[in-house]
Amino acid sequence: MKLRGNISDVAPADSLSWADVLGRLLSDRDLRESFCRNAGAALEPFALQLADKAVLVALKPEHLRRQAQLLVEKRRSEVRRFLPVLFARLGTEAETLFAEHATTCWPEGHRRHLLDAAHFLRFVRRRHPFVLDGVESARVTFLADSKRVMSLSFFARCSGGVDGGPGVQLLVRSRGRIRQWRLFLAWPRLPRRSPAFDLSRV
Amino acid sequence: MNGKPQIGLGYRRELAPWLQTRPAAVDCLEITAEHFFDGGETTLRQLRDRYPLYLHGLGLSLGTPEPLDEATLDRFANVARVARPVCVSEHIAFTRAGGVDLGHLNPVPRTRGSLATLAEHARRVSGRCDCPILLENIATPLDLGGEMDETGFLNELCERANCRLLLDVTNLFINSRNHGFDASGWLRRIDPARIVQLHVVGYAVRDGRHHDTHGARMQDDLLELVREVIEYAPVQSVILERDDRLDELEEIGDELVRLRSLVAS
């Protein structure tokens, strides 16, 4: 998971391109706002070639902010697919929370949306530990992990006649699919197996 | 071009049961390469045995002025090896720069430098996959400007990269509305021979701006632009690029029928 660092950690200052700096402007809210106030001053620390600097200086602040917002919205939309219950419970607060989370990490690679979801779970847990759905959280955590087997305790809310209460969930990764079983401990019940789901999307 | 354009769909796991029934509305499928980076070769083989496949990339970041990420390219090429697509496609954009994976498509400046970068990367991907590559236009609120206008840039890019265009009609429509230009005029400045594949999906309007949410029904004004493109260029396939509301199978089927009626008329 990529956290915030100095751009000079990535590449020597004399080799930065318009793309390096634009990537930073789109992902670093503080730098972006500084740029929107005074583009020339904000770009000064980056030893850009004149042509690249000209490209960036000409950016319209409103358009830059919109593109940055679009990136976060796209990420939020993808993460919501993994965490529909959480997003439903967060309601209107989901947008604000995700925007705050999105400033602190930028997951990489083809699993970025799943990793984003796992990291957002941890972020929300620190603030609203009781809003998480145990079953959903366990599934996303397991998907993002590389283990073949995971067992977790959970507490599921009763909802619409569906079982609630404490339990143990067992997840097994096998042949590109995840199988899960849930044993509710509050009442004597047989382990309940949920339909297996495909890993091909993640 | 022989015959009418094929009508296809972006393959998503949720659609697999429906596609097993071999709906008549689907001629071909577009596969998102990243969805198969961690497996699914059996599914890919089954799909390629039933449908012509087009392989679409999201994260190669052709516009980044650095070497391509070799690990990502290896995975992409491996999916191409299994899928045996008619062609591969990627975007005229960058997703990765400055040590950050931005996770979505961002525009490039329309400069000679960008042309060189995109052309080199496109040829490299095409060579690794041993099949033609198409390059796709994106929707963005950000215009980086440059030495030429967008249509001139696209024409020259296709020439230098020896490739053709995947014209995302929805993205063109959205950009024309948000940036205030005439989509038909834009279209007429593109070399028609370059446009061989289309993406289309309904757009959304929010706060007075158009957005590509990949989940709405195709609107009449959008379909009118699709019709115009098909009359103008030798389009070989049209892909309905739905990413949301994938449980609305009847609606998706209707959308495909609408596209088929459009290309037949």
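Residues numbered from 1 in each chain as written. Chains lettered and ligands numbered in written order. Predicted model: local features only at pLDDT ≥ 70, side-chain atom pairs only at ≥ 80, totals over all residues. Heavy atoms only, no water.

A closer look at the overall build of chain B
In plain terms, the rule: Here a helix means four or more residues in a row that DSSP labels H or I, a strand means two or more in a row labelled E, and each is numbered from the N terminus. To get the radius of gyration, use the C-alpha atoms; to get the globule rule, take the number of residues to the power 0.38 and multiply by 2.2 Å. Residue contacts are defined here by distance: any two heavy atoms, one from each residue, within 4.5 Å place the two residues in contact. Note on areas: these come from Shrake-Rupley sampling with a 1.4 Å probe, and a residue is covered only by the protein chains present in the view. Neither His nor the chain termini are counted; the positive set is Lys and Arg, and the negative set is Asp and Glu. By convention, the point assigned to a charge is CZ for Arg, NZ for Lys, CD for Glu and CG for Asp.
Within chain B one finds nine helices and twelve strands. Computed over the C-alpha atoms, the radius of gyration of chain B is 17 Å, within 12% of the 18 Å expected from 2.2 N^0.38 for a compact globule of 265 residues. When the backbone C-alpha atoms are referred to their principal axes, chain B occupies close to 50 × 40 × 40 Å. Relative to all contacts within chain B whose residues are 6 or more apart in sequence, the contacts with residues 24 or more apart total 77%. Carbon and sulfur atoms make up 45% of the accessible area of chain B, which totals about 10100 Å². Averaging the positions of the 30 positive and the 41 negative side-chain charges in chain B gives two centres separated by 4 Å.

Brief notes about the packing of helix H9 (residues 112–127) of chain A against helix H10 (residues 134–144) of chain A
All names here are of chain A. Short version of the rule: Only the stretch in contact is used when fitting a helix axis, every axis being a line fitted to C-alpha atoms; angles between N-to-C directions are given from 0 to 180 degrees. The labels follow the angle: roughly parallel below 35 degrees, roughly antiparallel above 145, roughly perpendicular from 65 to 115, and oblique for the rest. For any helix crossing, the convention is left-handed if the near helix is rotated counterclockwise from the far helix by under a right angle, and right-handed if that rotation is clockwise. Gly counts as polar in this scheme, as do all residues outside two lists: the nonpolar Ala, Val, Leu, Ile, Met, Phe, Trp, Tyr, Cys and Pro, and the charged Asp, Glu, Lys and Arg.
Two numbers describe how H9 lies on H10: the axes approach to 9 Å, and their chain directions differ by 130°. Considering their axes alone, H9 and H10 lie oblique with respect to each other. Read as a crossing pair, H9 and H10 show a hand that is left-handed. Across from Leu-114, Leu-115, Ala-117, Ala-118, Leu-121 and Arg-125 in H9, the residues of H10 making contact are Ser-137, Val-140, Thr-141, Leu-143 and Ala-144. For the contact of H9 with H10, the class distribution of residues is eight nonpolar, two polar and one charged.

Some words on the pairing of strand E7 (residues 133–136) of chain B
Residues and elements named next belong to chain B. As a reminder, the rule being used: Here the term buried applies to any residue with accessible area under 20% of the maximum for its type, exposed to any over 50%, and partly exposed to those in between, with areas from a 1.4 Å probe on protein chains only. Two strands pair under a simple rule: DSSP has to find at least two bridges between them. Here, the term right-handed applies to a crossover whose path from the first strand over the helix to the second runs clockwise when the strands point away from the viewer.
Side chains Ile-133 and Leu-135 of E7 all project onto a buried face; the interleaved residues Leu-134 and Glu-136 project onto the opposite face, where all are buried too. Inspection of the sheet shows strand E4 (residues 88–91) paired to E7 by four bridges, in the parallel sense. For His-91, the partnering residue across the bridge sits in E7 and is Glu-136. Here E7 runs beside strand E8 (residues 164–168); their pairing, made up of three bridges, is parallel. For Leu-134, the partnering residue across the bridge sits in E8 and is Arg-164. The handedness of the E7 to E8 crossover, carried by helix H5 (residues 150–161), is right-handed.

A short note on helix H4 (residues 112–129) of chain B
Let me state the cut-off plainly: Each helix should span, by expectation, one fewer than its residue count multiplied by 1.5 Å.
The terminal C-alpha atoms of H4(B) lie 26 Å apart, and with 18 residues this matches the ideal 26 Å at 1.5 Å per residue to within 8%. All of the buried residues along H4(B) are Ser114(B), Leu115(B), Thr117(B), Leu118(B), Ala119(B), His121(B), Ala122(B), Val125(B), Ser126(B) and Cys129(B). In this structure, the buried residues of H4(B) make contact with helix H2 (18–27) of chain A together with helix H3 (70–83), E4, E7 and H5 of chain B. With its phi angle positive at about 55°, Asp130(B) sits one or two positions after the end of H4(B).

Side note on the sheet that holds strand E2 (residues 28–32) of chain B
Residues and elements named next belong to chain B. The parallel closed barrel is built from eight strands, whose spatial order is E1-E2-E3-E4-E7-E8-E9-E12. Along the sheet, successive strands turn relative to each other by an average axial angle of 25°, direction set aside. Seen against the sheet, helix H6 (residues 169–179) touches E7, E8 and strand E9 (195–200) and runs at an angle of roughly 60° to E8.

Notes on the interface of chain A and chain B
We count it as follows: Buried area is a sum: the accessible area each of two parts loses on coming together, probed at 1.4 Å, counted once for each and added. By definition, a salt bridge exists where a carboxyl oxygen of Asp or Glu is found within 4 Å of a side-chain nitrogen of Lys or Arg. Any pair of nitrogen or oxygen atoms within 3.5 Å is treated as a polar contact; in protein, a donor-acceptor pairing is required on top of that, and neighbouring residues in sequence qualify only through side-chain atoms on both sides.
Between chain A and chain B, the residue contacts involve 35 residues of the former and 37 residues of the latter. Summed over both partners, the interface of chain A with chain B buries about 3300 Å², with 57% contributed by carbon and sulfur atoms. Taken together, chain A and chain B are joined by three salt bridges. Between Glu34(B) and Arg112(A) there is a salt bridge, and its shortest N-O distance comes to 3.3 Å. Remark: the boundary between chain A and chain B carries ten residue pairs in polar contact (both at pLDDT 80 or more). Listing elements by their share of the side of chain A that touches chain B, those giving two or more residues are helix H1 (7–10), H2, helix H6 (61–82) and H9 of chain A.

Things to note about the packing of aromatic side chains
Residues and elements named next belong to chain A. Quick reminder of the rule: Pairing of aromatic rings covers Phe, Tyr and Trp, the last counted by its six-membered ring, and requires centre-to-centre distances within 6.5 Å; plane angles under 30 degrees mean stacked, over 60 mean edge-to-face, and any other angle means tilted. Charge-over-ring contacts are defined here by two conditions on Lys NZ or Arg CZ: a distance within 6 Å of the ring centre and an angle within 35 degrees of the ring normal.
Applying the stated criterion across every chain yields a total of six aromatic pairs over all chains. Summarising the aromatic geometry, the rings of Phe-87 and Phe-120 are spaced 5.7 Å apart at their centres and angled 45° between planes, so their arrangement reads as tilted. Pair noted here: Phe-87 is in helix H7 (residues 84–90) and Phe-120 is in helix H9, with a separation of 33 residues, a long-range link. A relative accessible area of 0% means that Phe-120 is categorised as buried. Cluster of aromatic residues (ring-pair linked, three or more members): Phe-87, Phe-98, Phe-120 and Phe-123. Between Arg-75 and the ring centre of Trp-106, over which it is positioned, the NZ or CZ distance is 4.5 Å. Cation over ring: Arg-173 sits above Phe-142, and NZ or CZ is 4.8 Å from the ring centre.

With respect to the nonpolar core
For clarity, the threshold we go by: Remark: nonpolar core denotes a set of buried residues (Ala, Val, Leu, Ile, Met, Phe, Trp, Tyr, Cys) joined through side-chain atoms within 4.5 Å.
In this structure, Leu22(A), Val125(B), Ile195(B) and Leu198(B) are the most contacted members of the largest nonpolar core, which totals 108 residues. Those residues within four positions of Val125(B) in sequence are excluded, and the remaining contacts are Leu60(B), Leu62(B), Leu68(B), Leu73(B), Phe76(B), Val88(B) and Ile133(B). Leu114(A), Phe120(A), Met150(A) and Ile178(A) belong to the second-largest nonpolar core, a separate cluster that totals 28 residues.

Notes on H3(B)
All names here are of chain B. A rise of 1.5 Å per residue sets the reference length of H3, with its 14 residues, at 20 Å; its end C-alpha atoms lie 20 Å apart and thus fit the reference within 8%. Buried within H3 we find Thr-72, Leu-73, Phe-76, Ala-77, Val-79, Ala-80, Val-82 and Ala-83. Here the buried face of H3 lies against helix H2 (41–50), strand E3 (53–56), E4 and H4. Among the residues trailing H3, Arg-84 stands out with phi positive, at a value near 50°.

Quick word on the pattern of salt bridges
Residues and elements named next belong to chain B. Per the stated rule, a full pass over the model turns up 33 salt bridges over all chains. For Arg-12, the salt bridge is made with Asp-243, and the minimal N-O distance between the two is 2.5 Å. In this pair, Arg-12 sits in the loop between strand E1 (6–10) and helix H1 (16–20) while Asp-243 sits in the loop between strand E12 (237–240) and helix H9 (249–264), placing the two residues 231 residues apart along the sequence. In this pair, the class of Arg-12 matches that of Asp-243, namely buried. For Glu-41, the salt bridge goes to Arg-81, with nearest N and O atoms at 3.9 Å. One end of the pair, Glu-41, is in helix H2; the other, Arg-81, is in helix H3, with 40 residues separating them in the sequence. By relative accessible area, Glu-41 is classed as partly exposed at 29%. Note on Arg-81: relative accessible area 52%, which makes it exposed. Residues joined in a network through salt bridges with shared partners are Arg-217, Asp-220, Glu-255 and Arg-258.

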